[in-house]
Amino acid sequence: MANHKSALKRIRANEAKRLRNRYQAKTTRTFIKRLKLTTDKVEAQELLKKVTSMIDKLAKKNIIHKNNASNKKSKLTRLVNSLA
């Protein structure tokens, strides 16, 4: 176990950040699943805007890699455009 005050604080801060990152990533995955199950094009387009924003925020905070974010957005956009 850490002996220094600053090391103990760092452990607490890292755990708080880890939980926040997990929550944001899990919420985004849930919205992606909801988007993939949507069959209505208008609803899907609205959901795509929200999901794209969430993915961009994850990439900006380095929770996911920027290329991974770009690939996800591209695939989801193609999915929405393919809806009739």
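Residue numbers here run from 1 along each chain, matching the order of that chain's written sequence. For this predicted model, a pLDDT threshold of at least 70 governs which residues receive local features, and a threshold of 80 or more governs which side-chain atom pairs are given and counted, while totals over whole chains, interfaces and linings are taken from all residues. As a rule here, side-chain values cover all heavy atoms of the structure and leave hydrogens and water aside.

Chemist: Help me understand the pattern of salt bridges in this model?
Modeler: When charged atoms on two side chains of opposite charge get close, those side chains can pair. We define a salt bridge as a side-chain nitrogen of Lys or Arg found within 4 Å of a carboxyl oxygen belonging to Asp or Glu. On inspection of all chains with the given rule, the structure shows three salt bridges. Between E15 and R18 there is a salt bridge whose closest N-O contact spans 2.9 Å. One end of the pair, E15, and the other, R18, are both in helix α1 (residues 5-37), three residues apart, so they sit about a helical turn from each other. Each helix corresponds to a stretch of at least 4 residues labelled H or I by DSSP, and each strand to a stretch of at least 2 residues labelled E; elements are numbered beginning at the N terminus.

Chemist: Sorry, what's going on with the packing of aromatic side chains here?
Modeler: Any two aromatic rings considered together are summarised by their centre-to-centre distance and by the angle between their planes. Two rings from Phe, Tyr or Trp (for Trp, the six-membered ring) form a pair when their centres sit within 6.5 Å of each other. Planes less than 30 degrees apart are called stacked, planes more than 60 degrees apart edge-to-face, and all others tilted. Going through the model one piece at a time under the given rule, you end up with zero aromatic pairs. Lying over the aromatic face of F31, R34 brings its terminal NZ or CZ to 4.6 Å of the ring centre. Counting as a charge over the ring demands two things of the Lys NZ or Arg CZ atom: a distance within 6 Å of the ring centre and an angle within 35 degrees of the ring normal.

Chemist: In this structure, what is going on with the environment of R29? I would like to understand it.
Modeler: With respect to the helices and strands, the residue R29 is situated in helix α1. Taking the C-alpha atoms as reference points, R29 and I55, separated by 26 residues in sequence, lie 9.2 Å from one another.

Chemist: Teacher, can you tell me more about the nonpolar core here?
Modeler: Side chains of a nonpolar character, in soluble globular proteins, are inclined to be buried together. In this structure, L35, V51, I55, I64 and L76 are the most contacted members of the largest nonpolar core, which totals 15 residues. At the level of secondary structure, the elements contributing two or more residues to this core comprise α1, α2 (41-60) and α3 (66-82). For this core, the element with the most residues is α2, which contributes eight residues. Contacts are assigned to residue pairs with any non-hydrogen atoms lying within 4.5 Å of each other. In contact with I55, not counting residues within four places along its chain, are T28, I32, I64, A69, K72, K73 and L76. Buried Ala, Val, Leu, Ile, Met, Phe, Trp, Tyr and Cys residues form a nonpolar core when they are joined through side-chain atoms within 4.5 Å. Buried, partly exposed and exposed residues are distinguished by accessible area as a fraction of the type maximum, computed with a 1.4 Å probe on protein chains only: under 20%, between the cut-offs, and over 50%, respectively.

Chemist: Before we go on, may I ask you to explain α2 in this structure?
Modeler: Given 3.6 residues to a turn, an α-helix orients residues that are three or four positions apart in the same direction. Along its 20 residues, α2 runs 28 Å from first to last C-alpha, staying within 8% of the 28 Å computed at 1.5 Å per residue. When we look at burial in α2, the residues that qualify are A44, L47, L48, V51, M54, I55, L58 and A59. Just past α2, the residue N62 takes up positive phi, approximately 60°. Expected helix span is computed as 1.5 Å times (number of residues minus one).

Chemist: How should I be thinking about the packing of α1 against α3 in this particular structure?
Modeler: Packed helices, taken two at a time, are described by the angle their axes make and the gap between the axes. Two elements in contact, α1 and α3, have axes whose closest approach is 10 Å; the angle formed by their N-to-C orientations is 25°. As the angle between them shows, α1 and α3 are arranged roughly parallel. Of the two possible hands of crossing, α1 and α3 adopt the one that is left-handed. The residues of α3 that touch α1, namely those facing I32, L35 and K36, are K72, L76, L79 and V80. For this scheme, ten residues count as nonpolar: Ala, Val, Leu, Ile, Met, Phe, Trp, Tyr, Cys and Pro. Four count as charged, namely Asp, Glu, Lys and Arg, and the remainder, Gly too, count as polar. Split by residue class, the contact of α1 with α3 holds five nonpolar, no polar and two charged. Helix axes are fitted only over the stretch in contact, all axes being lines through C-alpha atoms; the angle between N-to-C directions runs from 0 to 180 degrees. For classification purposes, an angle smaller than 35 degrees is called roughly parallel, one larger than 145 roughly antiparallel, one from 65 to 115 roughly perpendicular, and anything else oblique. Left-handed is the label given to a crossing in which the near helix is rotated counterclockwise from the far helix by less than a right angle, and right-handed is the label when the rotation is clockwise.

Chemist: Help me out: how do you make sense of a nonpolar patch on the surface in this one?
Modeler: Patch construction takes residues with relative accessible area above 30% that form no salt bridge. Like charges are linked within 9 Å, and nonpolar side chains (Val, Leu, Ile, Met, Phe, Trp, Tyr) are linked within 5 Å. To be clear on the numbers: accessible area is Shrake-Rupley with a 1.4 Å probe, and residue cover counts the displayed protein chains and nothing else. Together, M1, L8 and I11 make up a nonpolar patch on the protein surface, roughly 330 Å² of accessible area in all. Locating M1 in the fold gives a position in the segment before α1.

Chemist: What is the right way to look at α3 in this model?
Modeler: The end-to-end C-alpha distance of α3, which contains 17 residues, comes to 24 Å, matching closely the 24 Å that a straight helix rising 1.5 Å per residue would cover. Along α3, the residues that are buried comprise A69, L76 and V80. With its buried residues spanning 40° around the axis, α3 presents them on a single face. In this structure, α3 carries K75, R78, N81 and S82 as exposed residues pointing more than 90 degrees from its buried face. The inward-facing, buried residues of α3 contact α1 and α2. Throughout, the arc means that of the directions going from the helix axis to the C-beta atoms.

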